[in-house]
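# Structural overview
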Amino acid sequence: MGSVAELLAKRLVFGIATLWVISLLVFSAVNLLPGDLADAILGQGATPEAVAAFRAELGLDQPVASRYLNWVADILHGDLGRSLANDRPISELVAGRLANTVRLAILAAFIAIPAGVGLGILATVYRDRPFDRATTTASLIAISFPEFFTAYILVALFSVTLGWLPAVAIETRGGGWQQALREIALPALTLALAVVGYVLRMTRAAIVNVMAAPYIEMAQLKGASPLRIVTRHALPNALSPIINVVIINLAYLVVGVVVVEVVFVYPGLGQLLVDSVSKRDIPVVQACCIIFAATYVLLNLLADILSVLSNPRLRRPRQQV
Amino acid sequence: MSEDVSINRRHAMAGLGLLSAAAALPSLAKAQGPAPKRGGAMRIAIADFATSDSLDPTLAETQFSQNLQWQLRNNLVEVGPGGKLIPELAESWEGSNEARTWVFKLRRGVTFHDGKPFTASDVVHSFNIHRKEGSKSQTKPILNQITSIKAEGPHTAIFELVDGNVGFPALTSAVGLYILKEGDTDFNKGMGTGGYILEQFQPGIKAVVRRNPGYWKSGHANFDSVELICMKDATARANALITGQIDAYNAVDTRTVNLLQRSSAIRINRVKSKAHFSFPMMIDQGPFASNDVRLAMKFAIDRDDIVKRVLGGFGAPGNDHPLSSAYAFYDGTIPQRSYDPDKARFHLDKAGAANLRVQLHVSETPFTGATDAAVLFKGHAAKAGITIDVVKEPEDGYWSSVWNKRPLCTSRWSGRINEDVLFTLGYTADGTKAGWNETRLNDERLNKLVAEARKEFDEGKRRQLYGEVQRIVHGQGGSNIFAFADFLDAVSSKVTHGELSGDWMLDGCRASERWWFS
């Protein structure tokens, strides 16, 4: 297990370095965009006097470098800072939104991952039979439709025509958790549909790859059933790529939900990020980006660790020599 | 209250022209329809919002925060349907000293949400927040004319102006000039004298308010609670109304109005507005220095085509001056300018500018469909021999880096409180200094007329003065004002209301206090 700890430490250091580079990139990118917060908030009424007063109040008249260094110093003290635009603490702005995004991602993952892996396994069991063709074609369609289109189809069907589920997730007051679940159902289903196809196809491809190995032929000659061959012999050896694709898709569920959030009026982190970019509210943009980047870094780390653990050859590299 | 009104009327007879508007409304109760009913939880979806929304009155406001502000707070004067002034926290007002001194008599027996009585010192505080040194308020340029505000006793506030302004009472109805509690600077608490009390405010998500049981206006603020919900996506707003998750929303997509109208459970509220779209030309830049070139550009645009194709027919063609019939002094006798490529060619030849080629800078920031409008204009103008190169600009930063910088760009003006504010900001030399005069028009006669009208108490004379101003802008200005947009709101048929106001969407952003469930 020593190598796992070493890997973990190395990846953590890389991860922190990645986050730092990203913060630098985001900060300079937002500063390169035309206009600043004062322009964005004052809009058409941005008289020179008002803009100057605004900039002075927000410290936007200071040089870019010193603003960045101040921000880094605050972060190192565990302070995400305050929103320039409405002077609320960013931690407060972000916390609720992040919880919403994660809740949606978890529900979507609960639908998408068992369905994707399960259907992928079945597709290999019934390889080249009608079931296999139907699922792979359906998954290709699900991947190809843009999310907003899937979302509108689901709304038209389940909300407008059938009236089973709410069309927007606006957190109706006093509805309890059942109502909350009903409201989150369509956004979660939309996201799940976007992801399930990838997981299904990757699972199928990974297992099919292994199925050409001699030991599978051996198992077939032993007379093992197709289901047993896939689950007992092929799947354990195909786990590593499957874990990778599942986790990358988990990350996507957290960071790629902007469109779904807008269509379903779901107050998540993606919408906050878009709003903040358009207002040039740099501290909030930074905070959101760091959270998104950290999600990727941590989930990738998790994927690596799980890959290693699932593969005895990687787990004990030295003993193999 | 009736006594005050009769006093007002006497002064109005004596020549205080503007006061007649306020005095003509003897009470706040609406005359039309059945009496409002109490109760119910109202849910309104708003298209225009920002995560940066706050209740700080000095910051620019989205429609979301404006609706919220008027749930929680009142102004001295309110704008009613048809642009009429209604006394709100001021019961009456009177100008003297050539309209330099304005005395506002304040309403008695009004309290803030925490029970503190409303007095004149609250008024002083609320105006001074915008006027103080280093203020970033957009209302400051309008308030620069005030030299002093003082409280005389608890129920009288006196404003002294640099120069006479008969339109001053109307200015106090402006967005931002809400009456706050004296000393209150923690704006996001939402303290005010309004019909609702703030329960929850999550910028960019929603706000929830509940009825103020002690509200001073009778028959107003009828809902038990109101929820304002931020919804950017037009389809999401429509779906939410169709499925009954909300009761009303603003900014209906003109492309889907007809589909919505098929449902008997939904009503479309269409209101004529003061909002207009324009391709302003800077009259001190390049070819636009010649009035013949400007006229050619104005004759080379097919207004009806743009109204039909960009606004879906929900609007009216503009006539190259900024007034619509929603303004009191709109002059309908000015002939409507229409598409005439031959006349355009004639003016081009006269200016010696045949084969004119110009760049039109556009983005979707001023209004949705701006790019389409520009491309349509390009097609219209081609028939008059004018080549327009449409330059697509980024949406972000459009107002600061393109508008008012490029000789020919795309612009949108929402309404202004009255003719004086509109013309002073948009069309005079003072407006150029303030950064609002997008065409750089600097006409001596117009500057003089606007200044004269500001001090003229006689309504007939003001009408005459503003009529001439409109003719100057129409004939010599750089404004190519091609369309006025209608406001389109969609409401559930359960919702009832009186005559609708056209100064903002959702009944002048006051739907929460004016509407009720039938």
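In this report, the structure presented in the accompanying data block is examined. (Residues numbered from 1 in each chain as written. Chains lettered and ligands numbered in written order. Predicted model: local features only at pLDDT ≥ 70, side-chain atom pairs only at ≥ 80, totals over all residues. Heavy atoms only, no water.)

With that settled, consider the overall build of chain B. Counting its secondary structure elements, chain B contains 19 helices and 19 strands. For the C-alpha atoms alone, the extent of chain B along its principal axes is close to 70 × 60 × 45 Å. Per-residue burial over chain B gives 61% buried out of 518 residues. Taking as baseline every contact in chain B between residues at least 6 positions apart, the subset at least 24 positions apart corresponds to 70%. A total accessible area of about 19000 Å² is found for chain B, and carbon and sulfur atoms account for 50% of it. Counting 62 positive and 59 negative side-chain charges, chain B places the averaged centre of each group 2 Å from the other. (Helix = DSSP H or I, 4+ residues; strand = E, 2+ residues; numbered from the N terminus. Buried < 20%, exposed > 50% of the residue type's maximum accessible area, 1.4 Å probe, protein only. Contact = heavy atoms within 4.5 Å. Areas by Shrake-Rupley, 256 points an atom, 1.4 Å probe, with all protein chains shown as cover. Lys, Arg positive; Asp, Glu negative; His and termini not counted. Charge placed at Lys NZ, Arg CZ, Asp CG, Glu CD.)

It is worth spelling out the pairing of strand E14 (residues 357–362) of chain B at this point. All names here are of chain B. Looking at chain direction, E14 and strand E15 (residues 387–392) are connected through six bridges and run parallel. Across the sheet, residue Arg 357 finds its bridge partner in E15, namely Thr 387. Handedness of the crossover joining E14 and E15 through helix H12 (residues 370–382): right-handed. (Pairing = 2+ DSSP bridges. Right-handed = clockwise from strand over helix to strand, strands pointing away.)

A few words now on the interface of chain B and chain A. At the interface, 46 residues of chain B touch 40 residues of chain A. Carbon and sulfur atoms supply 55% of the area buried between chain B and chain A, which totals about 3600 Å² over both sides. Three residues, Thr 51, Lys 136 and Gln 245 of chain B, lead the burial of chain B against chain A; their summed loss comes to 18% of the area buried on that side. Between chain B and chain A we count zero salt bridges in total. (Buried area = accessible area lost by both parts, 1.4 Å probe. Salt bridge = Lys/Arg side-chain N within 4 Å of Asp/Glu carboxyl O.)

Take unusual backbone geometry next. All names here are of chain B. Positive phi, close to 55°, is recorded for Asn 97, a residue that is not glycine. By the secondary structure assignment, Asn 97 is in the loop between strand E4 (90–96) and strand E5 (101–106). Positioned with a positive phi, Ala 99 is a non-glycine residue whose angle comes to about 65°. Among the secondary structure elements, Ala 99 is positioned in the loop between E4 and E5.

Before going further, it helps to examine the sheet that holds strand E7 (residues 156–161) of chain B. All names here are of chain B. Overall, antiparallel pairing links the four strands, which are arranged E4-E5-E7-E6 in an open sheet. Of all strands in the sheet, those bounded by a partner on one side alone are E4 and strand E6 (146–151). Strand-to-strand twist in this sheet, taken as the mean axis angle between neighbours without regard to direction, amounts to 15°. The sheet contact formed by E4 and E5 spans six bridges and is antiparallel. Residue pairing across strands places Glu 94 opposite Val 103, the latter belonging to E5. The sheet contacts of helix H4 (residues 120–131) involve E5, E6 and E7, and relative to E6 the element is tilted by about 155°. (Axes fitted to C-alpha atoms, helices over the stretch in contact; angles between N-to-C directions.)

In this section: the packing of aromatic side chains. Residue and element names in this part refer to chain B. Scanning the model with the defined rule gives 25 aromatic pairs over all chains in all. Aromatic pair Trp 70 and Tyr 178: ring centres 5.9 Å apart, planes at 85°, arrangement edge-to-face. On the criterion of sequence distance, the pair formed by Trp 70 in helix H3 (residues 63–72) and Tyr 178 in the loop between helix H6 (168–171) and strand E8 (196–202) is long-range, its members being 108 residues apart. The burial state of Trp 70 is the same as that of Tyr 178; both residues are buried. Ring centres of Phe 367 and Phe 482 lie 6.5 Å apart, and the angle between their planes is 55°; on these two criteria the pair is classed as tilted. Of this pair, Phe 367 sits in the loop between E14 and H12 while Phe 482 sits in strand E17 (residues 481–492), and the two are 115 residues apart along the sequence. By relative accessible area, Phe 367 is classed as buried at 5%. Members of the aromatic cluster, each reached through a chain of ring pairs, are Trp 93, Phe 104, Phe 127, Phe 159 and Phe 168. Taking the ring centre of Phe 49 as reference, the NZ or CZ of Lys 232 above it sits at 4.9 Å. The cationic tip of Arg 416 hangs over the ring face of Trp 436; the distance from NZ or CZ to the ring centre is 5.0 Å. (Phe/Tyr/Trp six-rings, centres within 6.5 Å; stacked < 30°, edge-to-face > 60°. Lys NZ or Arg CZ within 6 Å of the ring centre and 35° of its normal.)

Opposite charge on two side chains makes pairing possible when the charged atoms of those side chains draw close. Residues and elements named next belong to chain B. Summed over all chains, the structure comprises 32 salt bridges over all chains. Salt-bridge contacts for Arg 510 lead to Glu 78; the nearest nitrogen and oxygen are separated by 3.9 Å. In this pair, Arg 510 sits in the loop between helix H18 (505–509) and helix H19 (511–514) while Glu 78 sits in strand E2 (residues 77–79), placing the two residues 432 residues apart along the sequence. Its relative accessible area of 3% is what places Glu 78 among the buried residues. Lys 448 is paired through a salt bridge with Glu 452; the nearest N and O atoms lie 3.9 Å apart. Remark: Glu 452 and Lys 448 occur in helix H16 (residues 444–455); sequence separation between them is four residues, near one turn of the helix. With a relative accessible area of 47%, Lys 448 lands in the partly exposed category.

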